[in-house]
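Observations on chain architecture
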Amino acid sequence: MTKDQCFYIGYVSKTRGLKGELQLFFEFDNYMDLDLDVVFLEMDKKLVPFFVEKIKMQNNSTAYVNFEDIDHIDKAQPLLRKQIYLPNDKMPVRDPDDFTYHDLVGYLAIEEDEGELGEITHVQEMPQQFIATVNIDGQDAMFPLNEDFIVGIDPEEKIIVLNLPEGLIDMYLEQ
């Protein structure tokens, strides 16, 4: 199994207890829809399969999992911070009408007063809101993706028009 045959869903964040239980952190939007009977962890630039013995999904983008043959904290410790992948054929089918902020990666961000900001290179979820990143003159500029700031989104042209708070983009341009 290679990375191009898989999609990234998250990473192992920490151990829990002494019996090899691990906490997974999901960076995949619809993590509750994933089929997690076997997952692949990236170890030494290779994807290694781990069979799920027991999993408890949580509402905060995490899950507690026990893998087969990982029955002690000493066996679980080497798995910390490892990235988790699933085969592409396990990708949940999404309704084309379900649009998320993560879909904005690759969109051209245009601010009403400042003009073209650039292409959105990254969207991350923070506790209170989503944050988009664009590269302006070689520097990453971040701004909130908030309904109050979004004027319009054109999925056909891959453009998002924004009305950001005054001075927000100037902060990045002045440096």
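Per an unreviewed UniProt entry, the protein goes by the name Ribosome maturation factor RimM and belongs to Sphingobacterium cellulitidis. The Subcellular location (unreviewed entry) comment attached to the protein in UniProt states, word for word, "Cytoplasm". In its Function (unreviewed entry) section, the UniProt record describing the protein reads: "An accessory protein needed during the final step in the assembly of 30S ribosomal subunit, possibly for assembly of the head region. Essential for efficient processing of 16S rRNA. May be needed both before and after RbfA during the maturation of 16S rRNA. It has affinity for free ribosomal 30S subunits but not for 70S ribosomes."

1. Brief notes about the pattern of salt bridges
One pass over the full model with this rule turns up six salt bridges. The salt bridge involving Glu21 is made with Lys56; its shortest N-O contact spans 3.2 Å. Of the two residues, Glu21 is situated in strand β2 (residues 21-26) and Lys56 in strand β4 (residues 46-57); the sequence distance between them amounts to 35 residues. With relative accessibility at 11%, the residue Glu21 sits in the buried group.

2. Re the side chain of Glu21
In terms of polar contacts, Glu21 uses its side chain to reach the side chain of Lys56, at 3.2 Å. When residues no more than four places from it in sequence are discounted, the contact partners of Glu21 are Lys14, Thr15, Arg16, Lys56, Tyr64, Val65 and Asn66.

3. Topic: the nonpolar core
With 22 residues, the main nonpolar core has Ile9, Phe26, Leu34, Val39, Leu41 and Phe67 as its most contacted residues. Secondary structure elements with two or more residues in this core: β1 (6-16), β2, β3 (38-43), β4, β5 (62-67) and β6 (83-87). Leaving out residues up to four positions away in the same chain, Ile9 has contacts with Phe25, Phe26, Glu27, Phe28, Leu34, Leu36, Ile84, Tyr85 and Leu86.

4. Observations concerning the UniProt feature "domain: Ribosome maturation factor RimM PRC barrel" (unreviewed entry) in the protein
On the UniProt side, "domain: Ribosome maturation factor RimM PRC barrel" (unreviewed entry) is annotated at positions that read residues 101-168 here. Spanning residues 101-168, this segment combines 1% helix with 56% strand, and its end C-alpha atoms are found 20 Å apart.

5. Observations regarding the sheet that holds strand β8 (residues 115-125)
Within the open sheet, the six strands sit side by side as β10-β9-β8-β7-β12-β11. Their pairing is mixed. Edge positions in the sheet fall to β10 (139-145) and β11 (150-154), since each has one partner strand and no second. Adjacent strand axes in the sheet meet at a mean angle of 35° when their direction is disregarded. In this structure, strand β9 (residues 130-136) lies alongside β10, joined through seven bridges in antiparallel fashion. Across the sheet, residue Ala132 finds its bridge partner in β10, namely Phe143.

Basis of the calculations
- Residues numbered from 1 in each chain as written.
- Predicted model: local features only at pLDDT ≥ 70, side-chain atom pairs only at ≥ 80, totals over all residues.
- Heavy atoms only, no water.
- UniProt positions renumbered as here; feature names shortened; annotations may be inferred.
- Salt bridge = Lys/Arg side-chain N within 4 Å of Asp/Glu carboxyl O.
- Helix = DSSP H or I, 4+ residues; strand = E, 2+ residues; numbered from the N terminus.
- Buried < 20%, exposed > 50% of the residue type's maximum accessible area, 1.4 Å probe, protein only.
- Polar contact = N/O pair within 3.5 Å; in protein donor to acceptor, adjacent residues only side chain to side chain.
- Contact = heavy atoms within 4.5 Å.
- Core = buried A, V, L, I, M, F, W, Y, C linked by side-chain atoms within 4.5 Å.
- Pairing = 2+ DSSP bridges.
- Axes fitted to C-alpha atoms, helices over the stretch in contact; angles between N-to-C directions.

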